[in-house]
Amino acid sequence: MLPLTVNFKVSARTLTGALSAHNKAAVDWGWQGLIAYGCHSLVVVVDASTAQTLQVLEKHKADVVKVKWARENYHHNLGSPYSLRLASADVHGKIIVWDVAAGVAQCEIQEHAKPIQDVQWLWSQDASRDLLLAIHPPNYIVLWNADTGTKLWKKSYADNILSFSFDPFDSSHLTLLTSEGIVFISDFSPSKPPSGPGKKVYISSPHSSPAHSKLAAATGAKKALNKVKILITQEKPSAEFITLNDCLQLAYLPSKRNHMLLLYPREILVLDLEVNQTVGVIAIERTGVPFLQVIPCFQRDGLFCLHENGCITLRVRRSYNSIFTTSNEEPDADPVQELTYDLRSQCDAIRVTKTVRPFSMVCCPVNENAAALVVSDGRVMVWELKSAVCNRSARNSGSGVSPLYSPVSFCGIPVGVLQNKLPDLSLDNMIGQSAIAGEDHPKGSVLQEVHLKFLLTGLISGLPAPPFTVRMCPPLTTKNIKMYQPLLAVGTGNGSVLVYHLTSGLLHKELSVHSCEVRGIEWTSLTGFLSFATSTPNNMGLVRNELQLVDLPTVKGRSIAFRGERGNDESPIEMIKVSHLKQYLAVVFKDKPLELWDVRTCTILREMSRTFPGVTALEWSPSHNLKSLRKKQLATREAMARQTVVSDAELSIAESSVISLLQEAESKSELSQNISAREHFVFTDNDGQVYHFTVEGNSVKDSARIPPDGSMGSITCIAWKGDMLVLGDMDGNLNFWDLKGRVSRGIPTHRSWVRKIRFAPGKGNQKLVAMYSDGAEVWDTKEVQMVSSLRSGRNVTFRVLDVDWCTSDKVILASDDGCLRVLDMSMKSTCVRVDEQELTAEPVWCPYLLVPRASLALKAFLLHQPWSGQYLLDISHVDYPENEEIKSLLQEQLNSLSNDIKKLLLDPEFTLLQRCLLVSRLYGDESELHFWTVAAHYLHSWSQEKSASTPAAQEAAPRDRASNPLDICYDVLCENAYFQKFQLERVNLQEAKRSTYDHTRKCTDQLLLLGQTDRAVQLLLETSADNQHYYCDALKACLVTTVTSSGPSQSTIKLVATNMIASGKLAEGVQLLCLIDKAADACRYLQTYGEWSRAAWLAKAGPVPPSRGQQRRQGVASEATPSAFQRAMSINPSFALGAVLYSCLSCMRYFDRAALFVEACLQYGALEVGPDTDRLVSAVYADYARSLKSLGFKQGAVLFASKAGAAGRDLLNELQSPKQELAEE
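Just so it is clear, the structure is predicted and the values come from calculations on it, not from any experiment.

Note on placement: K155 falls in strand β13 (residues 150–156). Among the polar contacts listed, one links the side chain of K155 to the backbone oxygen of P194, at a separation of 3.4 Å. Discounting residues that sit within four places of it in the chain, K155 has contacts with N139, Y140, I141, P193, P194, S195 and G196.

So, in structure tokens, the structure goes:
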């Protein structure tokens, strides 16, 4: 027989409710897949996929204003494992860095006692992953080591700093949003503070610009953009201009370099920072709902926008192609189009009230296909984007919006229509890239037009606003263990009763029971309770009393009026008390005599007379005569059984009185369901006199009276368990009566009014909790001593509203911050490990919760299983030496994957590159995701070119690659042709918006570097004669026009260029070198002077002669990129692959990435066979085998050691030795 297992474990936890105004911006969605947000002084961590609360962190003493997850932009191994690190900041200036999985604070930081304005982790994590930048009011930025709490440096500025934003393309660029303008910092470094005050610029609000009156419609916005010439100036605007105070947000665009957006209530301005001009305006119509927040996307040039009505919209940049021109729009003489973002999808709005309004929005950083809205009432709504293929003929051709097409690739590799794919995996797998201006989408059957829509996939509801009253269901006993559930009933101010299952912390039922505030709850069984509510008193002090009996097992929780028609215009109910056996109910009124009711029949037993004393406190005795009654009933049944077998003669002589007594007893018992046992209750009156009453059936008897204790004030509450009776009074005194020993002991607590006292459940458990106006205490009534104390304002910031026991050793507190806290008897707020909590709703995919060895082993298992004939999701067959508990946790993680993901992982046609990309998304590994995206793109492109055997196929291969280029968000890592076209489009837009000589000169410089000499000459000749640069520009125009490729002229120009560079005129010298096709030399000069970004840009977009070829261009770009990681990605896989792999991956100890990259290159034929290549591959495989051995992954280690040949022979012998035990970590 299997043992009975019932899950009634109750862990310490916190149920959260509505948020405070300070929590408005305290929300973040991490790469780990979890959402963290502030709720008063708490930090709540929820899983976005399953909508479950995983952790509530409590250590702040003030409201939380910011939360930020640590970035995952680094290589993960045993030394740098996957971990859940979170930083939170409060209004008192404290920053806490958390280990969320363990629920402990790793570090506490304090600089000032003012609210933290903003905090961010440094995204460039090559050197350190522990650096945290914070704004400390009014004007300080401080860089902290979040691991040790050490302040690395501090810098002050002239203006008050509101927020900041890092350039996602250059970690040395930081922009501060201040009270008066913007400060650009170009020398940010972790090692030292910025040297100067930065470049300060001022921005005029669009309300003061000519555009504001023209932004009513799309066409109006387009025309108005031409009038908005310059918004960024280095001169302070005059008094009549409205300055930056209206600006809500500042953010860089991660989809393209040197672009920034400014958010205003009714406009979003897109700025090109190279020329400080507006290149795009997103305007709301006059009847539209204003903006609250905007989040720019990385994978596609799109914007998630939050509006004041809680509606989230997605806008995607429009593609300008000839086939999409609309008939209702007037033709534009200017072929250059500004950046326009079309509305593509929007979700439903929420009902906004005075207390319910949208607070903030976050977007999934991994897939960018979901957004979460945090509402002031504590709700978290997860909206996920879904794509649907639509018929082209059904599209409205007059809408003016270009269609969106599904991408050609899935997980980096082009796939056919019939191949397995998951279109909704991420934003870049939903919609293809926007075409560059003037470039048509490729025509073909593969492209399918798609529409996007938002779908609500997750909803987390918080508790309603306080006040609360709480009551735990009857305790667990040996008799109810089979059907017991730890249910907590919570009465709210709006009349509803929420029933929570405390094992999981999930809402069991929400019942709309009353029409006014619930004042008290008493359980009548494990599945039913009584609750009462009172309306607002009228001018005579009378109210409407509502007393309802609720039965939970019914579908909607059937509720009946317990007192029938009673309740209108009477004295308010003060309390209700159900007897120990759940037979009787005492209803106490403020100015009306006590009522006694039968709970089982809902009938009144006695309404006391008007002379009955007023009740201030009442409690039922735990003693009763139920056991003796059941013994009598059993004896009666046995006697009746004997009477049925006696003869008729014997029956005829039986005494009629005995028969009648037996029949009466049997009718009263009714199969032991309606035994009316004798129970007792005590109460006190206004004078402190104690009354003892006995109730049995319809009989109510006054048994005894005890005179008042002179040391006690007016009694407010009574608790009775066993032989101990405890009374509390208005003055904070507790009086302990030992009924067996007939002694009493009064204890002055020196606290305020004792509002409630309750004994803990459990036989022999004499612990008691007492609630005061300023907190609560736990007492041991056996020893008559206090166990723990909690006082508002001293060790906690909240005020206790109600208290009860939920188990024999845990109390539950309802507080005025809208939360319910389950605490142990010490009443200290402690966070529990996530893996120790009961998550009964749905398994959560989060490998970050595993120990480091297990999470990395699971990743290796998902990435590569070449030792098996097929891919499996069953880890039981794998030789993994960890204990069975760890192995079962790994299997639980595999089982928690969605069916769509499982289908992809089990698909034999799913390539290794696609698998690497998918696993990097599952793990939220930022570094891996970017690496494999670029690697997959170039490996596939190279293999397509190599496989093209016919001249027609060779000619078509570059076109195919041009139709599916690498996203422009990867900047200098993109294909040269695509990068050049993008830069030309950008320069054309800059040229169309130029309004000053400085802007014209910048456009000229860019055109010269791009090889557009004819257009550059035209701009040079536009310089007016009264300009001080007129002569130089004229000479430069002549030079550009007459330059030849002859030897003497090239030598002369090169000599002049080098002299100019040596004299400090680097930009001018580089221009001259580009004129004579010496862009490669110009790149080297730029590298020498530390201009890595400009060198990479020039290598990709500059005029390199065709003879140099693709290889040379990629090689220069790789040399120009400062990060070793970017060097490895920017190079072509066929170009010096061994050197790059060895220097960038193996030397950086990226053994797993190096081995998998080699495997992918071998599959695509990208490695040239040779001794050097063989040695390199063997070394890579041997290193990866050792790495797998350290994880305990023996099968994988054996396989790669065997592939390593001689380099892995010793390791292979060691692994195959039967006596060898795998090394511990």
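The subject of this paragraph is the sheet that holds strand β4 (residues 42–47). Reading across from one edge, β2-β3-β4-β5 is the order of the 4 strands in this open sheet, with antiparallel pairing throughout. Every other strand in the sheet has two partners, leaving β2 (27–29) and β5 (52–58) as the edge strands with one partner each. The average undirected angle you get between the axes of adjacent strands in this sheet is 15°. As judged from the 3 bridges shared by β2 and strand β3 (residues 34–39), these two strands associate in the antiparallel manner. In the strand pairing of β3, W29 is matched with I35.

We now examine the sheet that holds strand β57 (residues 785–791). The strand order β54-β55-β56-β57 describes an open sheet built from 4 strands, whose pairing is antiparallel. Where the open sheet ends on each side, the last strands, each with one partner, are β54 (754–759) and β57. Shown here is a sheet whose adjacent strand axes are inclined to one another by a mean of 15°, direction ignored.

The side chains of a regular strand alternate between both faces of the sheet. Note: strand β7 (residues 85–90) against strand β8 (residues 94–99), 5 bridges, orientation antiparallel. Counted as the bridge partner of S88 is I96 from β8. The hairpin formed by β7 and β8 contains 3 residues between the paired strands, and G93 there has a positive phi angle of roughly 85°. Taken together, β8 and the strand that follows it, strand β9 (residues 104–110), pair antiparallel across an intervening segment of 4 residues, in which G103 is found at a positive phi of about 75°.

Once that is clear, we can look at the confidence of the model for the protein. As a note on interpretation, predicted positions should not be read in detail where pLDDT is low. In this model, the protein carries an average pLDDT of 81, and 81% of its residues clear a pLDDT of 70 or more. Note on residues 1105–1139: pLDDT is under 50 here. Beyond four places in sequence and across chains, it has 71 contacts. When the criterion is pLDDT under 50, residues 1219–1225 qualifies, and its contacts beyond four places in sequence or with other chains add up to 11 contacts.

In total, this model carries 25 aromatic pairs according to the counting rule given. Aromatic side chains W153 and F188 sit 5.6 Å apart centroid to centroid with 70° between the ring planes, which places their arrangement in the edge-to-face category. Here W153, found in strand β13, pairs with F188, found in the loop between β16 (182–185) and β17 (199–203); they are 35 residues apart in sequence, far enough to count as distant. Just as W153 is buried, F188 falls in that class too. Here the aromatic residues Y584, F612, W620, F681, F683, Y691 and F693 are joined through ring pairs into a cluster of three or more. Over the aromatic face of Y140 sits the side chain of K154, whose NZ or CZ is 4.2 Å from the ring centroid.

The rules behind the values
- Residues numbered from 1 in each chain as written.
- Predicted model: local features only at pLDDT ≥ 70, side-chain atom pairs only at ≥ 80, totals over all residues.
- Heavy atoms only, no water.
- Helix = DSSP H or I, 4+ residues; strand = E, 2+ residues; numbered from the N terminus.
- Polar contact = N/O pair within 3.5 Å; in protein donor to acceptor, adjacent residues only side chain to side chain.
- Contact = heavy atoms within 4.5 Å.
- Pairing = 2+ DSSP bridges.
- Axes fitted to C-alpha atoms, helices over the stretch in contact; angles between N-to-C directions.
- pLDDT = per-residue confidence, 0-100.
- Phe/Tyr/Trp six-rings, centres within 6.5 Å; stacked < 30°, edge-to-face > 60°.
- Buried < 20%, exposed > 50% of the residue type's maximum accessible area, 1.4 Å probe, protein only.
- Lys NZ or Arg CZ within 6 Å of the ring centre and 35° of its normal.

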